[in-house]
Each structure stands twice: as structure tokens, then as C-alpha cells.
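Below are the chains, spelled out letter by letter.
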Amino acid sequence: MVPERFHSSFSTSTLKTLEAQAARLSVTDPLFFRGAYTATVTENERRSFSPVVVMDASSIAKWRCTCVGWQRPDDLCRHIGLLVAQTAGEGSLPAEKFESSVWRAIAFAAFTEGRALELVGQPDPRETLLRKYALTEQEQKLIARGAGSTRLQWEASPWYRWAKEMFLRYGDGAAVRLERREESFWLCGREDAGPVELRDPAKSEAPLEVPLPEAAVEAVVTANGAAIALASGFELARESVTPSLRIEITRDRALKFVPVLIGSGGAIPQHIHERRYLRQYGRLFLIGNRFVSPAPAMPMFVERSARDQASLFEVRASAGLPYDRETLIAEEEVFAFVERHREELARMPESLAPEAVRHAQPVKLEGEVLFDFAAASHRDLLEVDIRFRVDADDVVTAAEIAKARKDGVRALIRGNVWIDVTDGQFAWLDAASIGKNGHVLVTKLELLRIRGSLRGQAVFAGDQKYESVFRMFDELQLGVDAPSPADLGFDLYAYQQTGYRWLWLLQQNGFGGLLCDDMGLGKTHQAMALMAGMLSADPSLSVLVVCPTSLIDHWREKLTRYAPDVPFEVIHGARSGSAGSSASVPPEEPPLAARVTVTTYGTVRSKIEFFRGRRFDLMVLDEAQTIKNADTATHHALRAIEKRIAVGLTGTPVENHEGELKALLDFVVPGYLPKYVDDRMLLQRLVRPFVLRRTKAQVLPQLPPKIVDKRYCEMGHEQRALYREVIEGRARPLRALLRSGAHVSYVHVFAALNFLKQICNHPASAGGGFASDAPSAKWEMFTGLLDECLQSGLKVVVFSQYVKMLELMEDHLSRAEIGYASIKGATRDRGAETARFRDDPDCRVFTASLRAGGLGIDLTSASVVIHYDRWWNQAREDQATDRVHRLGQNKGVQVIKLITRGTIEEKIDALIERKALMANELIQTDDPALVKQFSVEELEELLSE
């Protein structure tokens, strides 16, 4: 009777009455529309009622019966109960069965194709009543206006009515058969099937004959476990063929890939069938009297990118060539395609690929390249004969390749070897100057760019005076005629002398460069030696040093101390002046004797007109990563200054992505890098001659060890609840917007991330009125570590990026009567603070913001560094750590990084590791805009719980 899931809609007495009187009740003429159902319920073969009910699989939403004028929600009548029992008592509801029936598939395909249909007779008037119950008010308004969705149009069509009549008459289709007539299929009734009213009233007594739309054939064939197809003499062989491709070589030397199906044995013989000759019905193909479907197949000829940094270069991996349509690889692309897929082509059977394709020998010239330099020069150009080794007995010249590229030839043929002349390593030849003798005429800078572009092993020959420039790609080359550093008054370590002589070689050849030694290795001293050497050779030269404001005093002190004979001026607002002078000197009237000008990035930007009128022989950019963004006003201002060469000093040439390194190199060696470099290996080769990087481990093995330790803590219940509240209230909505693809302000994302980080640090640092004694797992861990260090007699440096957090620390130190010094962005006398920490034995702790304390200070009196919170990249943290672990340190240094488990801090730690790996691969051995460096997926991960 009534399924148990609907019992709550009926009283106990109604259910008992229905069970007792079931034999006297009958249900006929059922009808449905969506979830609305009706039928004729006859009682004692005399009285008839027409109940209506709207329901789903588990509940009754609406009802009506003609037996009474009303029904209570918990006591529906027995007629409704019988209708529910008959409708929902056998699994799926009729409307659900109809939606998956062959009749619905046939009719909807015909309706979609726009086939006309006329039905004899009028629709059942009860249909109008059911629609009022099932349709929403909005849908009824749309119908009244003659509008509506595809679904409403379908439900109002004759095809819908026909499909329902077929469903009510034939059910699951057991009484029909599938019949093929020429190139189409028909669904026909069995001989004992009753008449069905179709288009022509004259044929209303004829048995069922329905032409099937092609889109409906698959649904009929696969219905009811292929029962209709099997009863009609057809077979269904699922996954009995395998998709593949047959390769043809066209007359115009293109490759055509023809889709085929290969029989897998058994019901389908091992045979190759071209898909274009087979009729397809959905996912099924008809072969003889068998409907077959392809088995899953591995993609063929997948194009994979060799790049592996999704955050820096877009990585594309196609699904391979399509199996459902022909593909044509044009002649100009054939060579590259064959070269990429040699192994896969070699494995193809003879029946699918011709021998010429299977055993093609495409070659990219990656072997020996001979550079033979002529003694005669052409003004500022070098003359060189460049030859590429094909094999032991054959070479091809650069002139031959250049001509082939100009003539549009795709490959030079040497026997059975195809030489790809479209290879990107030869792109420079398109603009190369080639003499009548086939020799290439290049500048020194162009020579190095060519060396970087070619992948083969370069071999030098000819005039020896060009060898040092040529070998800049092979090994570190030094200026042998550089003035002695000792004669210039500089006592340099051996590795510093190497850096100085490398810079000297660059400037001799008119090149700039990037000196990227680790922090604390004395990049300033190497640059000053270069300046002094150049001025000693030519006292008329002029030098411009540009540095952050925080390093002005650092340069003033270093020049005064180590280069006392070099006159210099400092141009920095009201503090401008010459060496040894305390008077204020306006920037418009610099001392004429000064050969070195020291200024700041901000001053250059604000007083560009003053600098634009002067020419400098050497420009030194300290902390050159300041101009890593080529679109900034500072970068543009510096480019406007006339200079012969520029040298950048930075320990962090890559903080976030390769574009930063490219921007720096474009500045110091303008015009060298190609406009677009999307190959990491090529970028590595190109930057090699102009970037020198040494680590402390390489050049200072005597430096005490640095031990990096990560300490983890778990938030307590109260702090965790606050963290989750922020996730729900601020992070989750932003994450939903990112996932939807909507535009999200990076300022909002950065603010949410910072708020989460501050909750991890200490709730009191996030604002909102939390007291300093609010529970904080990290604070408890920090104070314990601090006590342990101080009891051991150690000095400690603590970095945080949040001033409020530093204030909490300093308040704690003051109450505990622990001496401390501090540097923040607002600190005026940085030197006094660092001196007190260095010289006062009672000053035990140094607190610093990561921005203000990460540059230009020496904290070697400490032996413990605590990073209370994590910055967004490893380079910035290491830069701060190296204030302690640097030249002059005689103690081992322990670096402790505090991380709260299960929070954004763990995710940031993972990001830091990836970014550090990226920087190390490129150079061997604070702002909402930072968020732009992350992909949408990384931002979603950071904002998740």
C-alpha cells in the first residue's frame, strides 16, 4: 500500500481504511506532468473520484480530491492514498521513468531538429489541471506571454504529448522493434500492438512506425540493456574497437591524420575501419549489424611543454590529435612535428604510417659550433665564420642557414638527415649582417647573445684578442690589466678581487653587469674598487651611485673611510653636501670637484631634470632589486639618465619571478636580451656572462655555521575560534569570488591575509580591542625561546613585519627590565641603535621590522635570529638574517622561524620554499601588489582553512 516514507501525510485511521477497502478500489487512466499525478479512482465499481497529488521521492507537496472540499495536511483521503501507492510503490516515479525512456529521447530529438507533428484528437483535459499544479507562477506568466525556456516549449509541443502517450501505452518499449531501412532506422510496433494516432488520421489504425532521428538511435539501442536492439537482430559490442590515426603524406608535403577504428578481436575482426565511412549514432558506430563503441584510448601525439614553472610561464599540454576528425599538419610545421614525436612515430605499424615518416631523421644542430675570428676588424664589428657540425664529415655554415630561412625552406637535407633551419636558436640570423665571404659581422654584445642562443658546444679559433669575450660563456673571465686593488688602497679578499676584476673586464668591453653575491660578502667594496680603478685610469670620469635612503650614510661612511682621495657629493634633499662639508648644498649647485655622486632612488625620481643633464661613465645601483619592476617611475627615471655602463648590486635578483631578473639585466645591459624569453634554460644561458653570484658557503668556508630551525605551535581553542571566525567572515567570501572568476581587489585579499597572519602572531596585534594577555600559542613559544636564549647569555635579533607586534615585544622587554634596541620605519638614528646593541652588554635584544632592519646594518654581535612571522619570499628573509650571519661574525648563528600549524603560516612556508627554489635555479648557486605574484589557485589555498 502507501510507502512508509509518506505515512506522515495520512492518519492511522485512513491508512487502515485504505488497507481494509483496497479490494473495492481500482485505479485507471493514470496521467502525470512533471511531479503532478492524477488518475480515476473507482470505489465499489460505482463512484469515481479524480485525486491530484504533487510529490517527489520522499514527500507530498500539494494534493486535491473530488471526494471532499478540503484535506488536512496530516489526514489525506484514501483516494489520494491509493494514487500515491499506485504511483510511488515500485521504485522510481513515472515522471522519472519517462525522462529516461526511449520515447522521450525520440521525441525530444525530433523536437530539437524542428520536425513537424500533428496529432489526432485533443489532449486529455486533465493535463491542464496538472500543469497548474506543477508549473511555477513565473513559468505560467511566461507561457501566457508566449515565451519560455526550451523546456517549456518542449512540454507544450505535440512531440511531448506523443512521447507521453507512447510511454503510457508501450512502457519501456518491450512491445517494439528496431528496423533499418536503407540509411535510416525506424521503431516499429509488434504485430499484436494496438493502433496509435499519428500524423495522418487515415493511418490511425496502422501499427506503430516511427522514423528515428539519428540523435535518438543510441538511446534506443542501449535501452533496457540493449533488449530492443537484440530482439531486432542487432548486436551491441561496447568498447570493441580502438580509436587510432592513419598518416598520409599529401602532394604538398603536409601530413594528414585520418581517424580510424581498429577491431579488437572477438565480435569485431581485427580490421582497420576509417571513421569517415562509418555511420555514427552518438557514441556508437554501425559495422554490419553490430553497434560498436570505441574503447578508451591513450591520446596520440600529445604536445607537452618543457617548461615547469606555471607561475612564470604558461604550461600547455594538449590532449593529442583528435580521433573524431582529420588533422592536417602543414608543410611548414611537419619538420618540427616529426622531430618532437620521433619515438611515437617509430612505434606505429606499417599499416598506419609510411616508412618515410616512421624513420625520418630530423636533427637540431646541438653539436659542435666553430667560431673562427678573422684578424681584420670592421670598425666596431667582429668578423667571424660560424660553422655547425652535422656529423663527422659534414658541416653547414651560418650563411647557408640564413639563406634557407630567407627563402622559406623548412629543412636543409643532408642524406637522410633533415636539418631544421626554423629552430629558434637561428632566429638571430634573420637580422644578421653577413659579408660576401659568408662571414658574420657582429658587435661584442651580439656575439654573446648568439652564444646564448646556440645550444651546441662552441669552439674558438682565429684571432686570440677576442677569446676573453668569447669565453665569458664558458668560464669566469677576469680583466688581467685591472689596477691592483692594493695600489688603490683596498684590502680585498681573494673572492672580492675576482669580483672586482670581473667588473673591470665588463666595463672594458662596454658591458654592465649584476654582482649578486650573498648579503655580507662585500659587494660595496668590490664596486668601490671598480670606481677607484676607473678614476685612477681617467680622473675625468664621473660616477653616479644610487641607493635606498637607508644606505646613504652607509655609502658616505664607506667612501670616506676606504676611498679618501675620491671626491664625492651626496644629493639627498636638505642633507646634500660634499665630503667633509656639513653645509647644505642645493642639488642644483654640486661641488665641481666631485667625481662621485651619491643619491637615492627617490631623489632621482623627484629631481630627474637635474640628473638628466649630466652624463655618467659608471652608474652603480645598490640594492638594485628596487627597480625590478620595469614599469615603475623610478625605473623610467633612471633609464633617462645618460650613462656609459651600469652595474647593479643585489643579493636578491629574483624575489618572485624571472621577469624581475630580466628587468634588471635589461637595465645594465640594454638591448641584450630578446624581447620575449619564455625558455628558462635559454634565460640561464643568456644571463651567465653578466651575472656573478657567490654564496657564503663557496667563498667563506671559515664563516661560522648558520643553523635554520622551524618551530611549530598549535593554537588553543579560543585563538582557533577567532581564526575560524576570520576565515568565515573575510576569507571565504573572497575565495568564492576568486573561484567564480570575478574581479577581486588585491588590496582586499592582502588585507585578509594580513589579518589572518596577525591572529596567528597574537590577537592583540590584530586590533579589535584584544588585550596583550589574550591567548596566543606563538607568543608563549616565543617568550619561552627568548628566556632560554637570554639565560644562555646570547644576544637575540627578532624580526617581524608588523610594528604592533614589535611594540608588544618591547612592552614585554621593558616590564621584564631587559635592555633592547630597535629599528622601525620611523627610526631616525639607525646608527645609534645598532651601536648600542653592539657595544652595550646589557642591551640583549634587537627588534626590527623586516623592511627597515633588512638593509644597511650590522648585527654580528648577535648569535640568534628569530623570524616571528614569515615574509612572502625567502630572499627577503635571508637578507634580514644576513645582518647577523655575515663577514665579521665569529659565532655560530641559529635562525629560528616560528610557524603556527594548520594556518595560513604553513601555506606561506610552502610558497616560500617554491619561490626560493625558483631563484636558485635561475641564478646558479610589503605591499598589496605582492599578491599579484600568486596564481588564483595559490590565493584560494592561502584563504582556505
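Rules and cut-offs
Residues numbered from 1 in each chain as written. Predicted model: local features only at pLDDT ≥ 70, side-chain atom pairs only at ≥ 80, totals over all residues. Heavy atoms only, no water. Helix = DSSP H or I, 4+ residues; strand = E, 2+ residues; numbered from the N terminus. Areas by Shrake-Rupley, 256 points an atom, 1.4 Å probe, with all protein chains shown as cover. Core = buried A, V, L, I, M, F, W, Y, C linked by side-chain atoms within 4.5 Å. Buried < 20%, exposed > 50% of the residue type's maximum accessible area, 1.4 Å probe, protein only. Contact = heavy atoms within 4.5 Å. Pairing = 2+ DSSP bridges. Axes fitted to C-alpha atoms, helices over the stretch in contact; angles between N-to-C directions. Salt bridge = Lys/Arg side-chain N within 4 Å of Asp/Glu carboxyl O. Phe/Tyr/Trp six-rings, centres within 6.5 Å; stacked < 30°, edge-to-face > 60°. Lys NZ or Arg CZ within 6 Å of the ring centre and 35° of its normal. pLDDT = per-residue confidence, 0-100. Expected span 1.5 Å × (residues − 1). Disulfide = S-S within 2.5 Å. Parallel < 35°, antiparallel > 145°, perpendicular 65-115°, else oblique. Left-handed = near helix turned anticlockwise from the far one by under 90°. Nonpolar A, V, L, I, M, F, W, Y, C, P; charged D, E, K, R; others polar.

Secondary structure assignment for the chain yields 34 helices and 38 strands. A total of about 43,900 Å² of accessible surface is found on the chain, and carbon and sulfur atoms cover 50% of it.

Formed by 108 residues in total, the largest nonpolar core has its most connected members in Phe371, Phe388, Trp555, Val596, Leu638, Leu665 and Tyr672. Take this core: its biggest share by element is eight residues, from helix 18 (residues 523-537). Ignoring sequence-local partners within four residues, the contact set of Val596 consists of Met531, Leu535, Val543, Val545, Leu559, Val566, Pro567, Phe568 and Glu569. By size, the runner-up hydrophobic cluster in this structure holds 72 residues, among which are Phe10, Leu31, Ile60 and Ala216.

A few words on the sheet that holds strand 37 (residues 864-867). In space, the six strands of this open sheet follow the order 33-38-37-34-36-35, with parallel pairing throughout. Among the strands making up the open sheet, the edge pair consists of strand 33 (706-713) and strand 35 (819-823). Across the sheet, the axes of successive neighbouring strands diverge by a mean angle of 20°, strand direction being ignored. Of the pairings in the sheet, the one linking strand 37 to strand 38 (residues 893-900) comprises four bridges and is parallel in character. If you follow His867 over to strand 38, its bridge partner there is Lys897. Helix 32 (residues 874-881) rests against strand 33, strand 34 (796-800), strand 37 and strand 38 of the sheet, and its axis sits at about 150° to strand 37.

Enumeration over the complete set of coordinates arrives at 51 salt bridges. Across the salt bridge formed by Arg283 and Glu218, the nearest N and O atoms sit 2.8 Å from each other. In this pair, Arg283 is assigned in the loop between strand 12 (279-281) and strand 13 (284-287) and Glu218 in helix 9 (residues 214-222), connecting sequence segments 65 residues apart.

It is worth spelling out the packing of aromatic side chains at this point. Each aromatic ring pair is summarised here by two numbers: the centre-to-centre distance and the angle between the ring planes. Per the counting criterion, the structure on display carries 35 aromatic pairs. Ring geometry for Tyr493 against Tyr495: centres 6.0 Å apart, planes inclined by 20°, an arrangement best described as stacked. Among the aromatic side chains, those forming a connected cluster through ring pairs are Phe32, Phe33, Tyr37, Phe98, Phe108, Phe111, Trp154, Tyr160 and Phe167. The ring of Phe470 is capped by Arg451, whose NZ or CZ atom sits 4.4 Å from the centre of that ring.

A few words now on the sheet that holds strand 8 (residues 209-211). Taken in spatial order, the three strands of this open sheet run 6-7-8, and their pairing is antiparallel. Two strands bound the open sheet, and with one partner strand each, they are strand 6 (176-181) and strand 8. On average, each strand axis in the sheet is inclined to that of its neighbour by 25°, with strand direction left out of account. Pairing of strand 6 with strand 7 (residues 184-189), which is carried by six bridges, proceeds in the antiparallel orientation.

The next point concerns the environment of Tyr712. Take Tyr712: it is sitting in strand 33. Note on Tyr712: relative accessible area 33%, which makes it partly exposed. For the pair formed by Tyr712 and Gly902, sequence separation is 190 residues and the distance between their alpha carbons is 10.0 Å. Every residue in contact with Tyr712, bar those within four places of it in the chain, is listed here: Met781, Ile899, Arg901, Glu906 and Asp909.

Turning our attention to the pairing of strand 19 (residues 394-397). It is a general feature of regular strands that their side chains alternate between the two faces of the sheet. Bridge count for strand 18 (residues 382-391) against strand 19 is four bridges, and the pairing is antiparallel. Paired with Arg387 across the two strands is Thr397, which belongs to strand 19. Once strand 18 ends, the chain turns through two residues before running back antiparallel as strand 19.

Moving on to the confidence of the model for the chain. Averaged over all residues, the pLDDT of the chain equals 82, while 88% of them reach at least 70. For the stretch residues 193-204, pLDDT sits under 50, and the model shows 26 contacts to residues farther than four places along the chain or on other chains. Within the model, the stretch residues 306-317 combines pLDDT values under 50 with 23 contacts to residues more than four positions away or in other chains.

You can see Gln874 is positioned in helix 32. Residue classification places Gln874 among the buried residues on the basis of a relative accessible area of 12%.

A few words on helix 4 (residues 102-113). Compared with the 16 Å implied by 1.5 Å per residue over twelve residues, the 17 Å span of helix 4 between its first and last C-alpha is a close match. Regarding helix 4, the residues found buried are Val102, Trp103, Arg104, Ile106, Ala107, Ala109 and Ala110. With its phi angle positive at about 85°, Gly114 sits one or two positions after the end of helix 4.

The end-to-end C-alpha separation of helix 18 is 22 Å, in line with the 21 Å expected for 15 residues at 1.5 Å each. For helix 18, a buried count of 13 out of 15 residues is recorded, marking the element as mostly surrounded by other parts of the structure.

For Arg34, which is not a glycine, the phi torsion comes out positive at approximately 50°. Within the secondary structure layout, Arg34 lies in the loop between strand 1 (25-33) and strand 2 (36-43). On the basis of relative accessible area, Arg34 is assigned to the buried category, the value being 15%. Despite not being glycine, Glu623 shows a phi value in the positive range, around 50°. For Glu623, the location among the structural elements is in the loop between strand 30 (615-622) and helix 22 (633-639).

What follows deals with the state of the cysteines. The final tally for this structure, using the stated rule, is zero disulfides. With no disulfide partner, Cys713 has as its closest neighbouring cysteine sulfur the one in Cys760, 8.1 Å distant.

The subject of this paragraph is the environment of Gly512. Here Gly512 lies in the loop between helix 17 (494-508) and strand 25 (513-515). On the accessibility criterion, Gly512 (3% relative accessible area) is buried. Look past the residues within four positions of Gly512 in its chain and what remains in contact with it is Leu506, Ile645, Ala646, Val668, Val669 and Phe690.

The next point concerns the packing of helix 18 against helix 19 (residues 552-562). Here helix 18 crosses helix 19 at 55°, and the two axes come no closer than 11 Å. Looking at the two axes, helix 18 sits oblique to helix 19. As for how helix 18 packs across helix 19, the hand of that crossing is right-handed. Only His554, Trp555, Lys558, Leu559 and Tyr562 of helix 19 make contact with helix 18, whose side of the interface consists of Thr524, His525, Ala527, Met528 and Met531. Partitioned by chemical class, the residues of the contact of helix 18 with helix 19 number six nonpolar, three polar and one charged.

Right, let's get into the packing of helix 1 (residues 12-20) against helix 2 (residues 78-88). In contact at an axis separation of 9 Å, helix 1 and helix 2 are set at 70° when each is read in the N-to-C sense. The orientation of helix 1 relative to helix 2 falls into the category roughly perpendicular. The hand of the helix 1/helix 2 crossing is right-handed. Where helix 1 approaches helix 2, its residues Thr14, Thr17 and Leu18 are matched on the opposing element by Arg78, Gly81 and Leu82. Its residues assigned to classes, the contact of helix 1 with helix 2 comprises two nonpolar, three polar and one charged.

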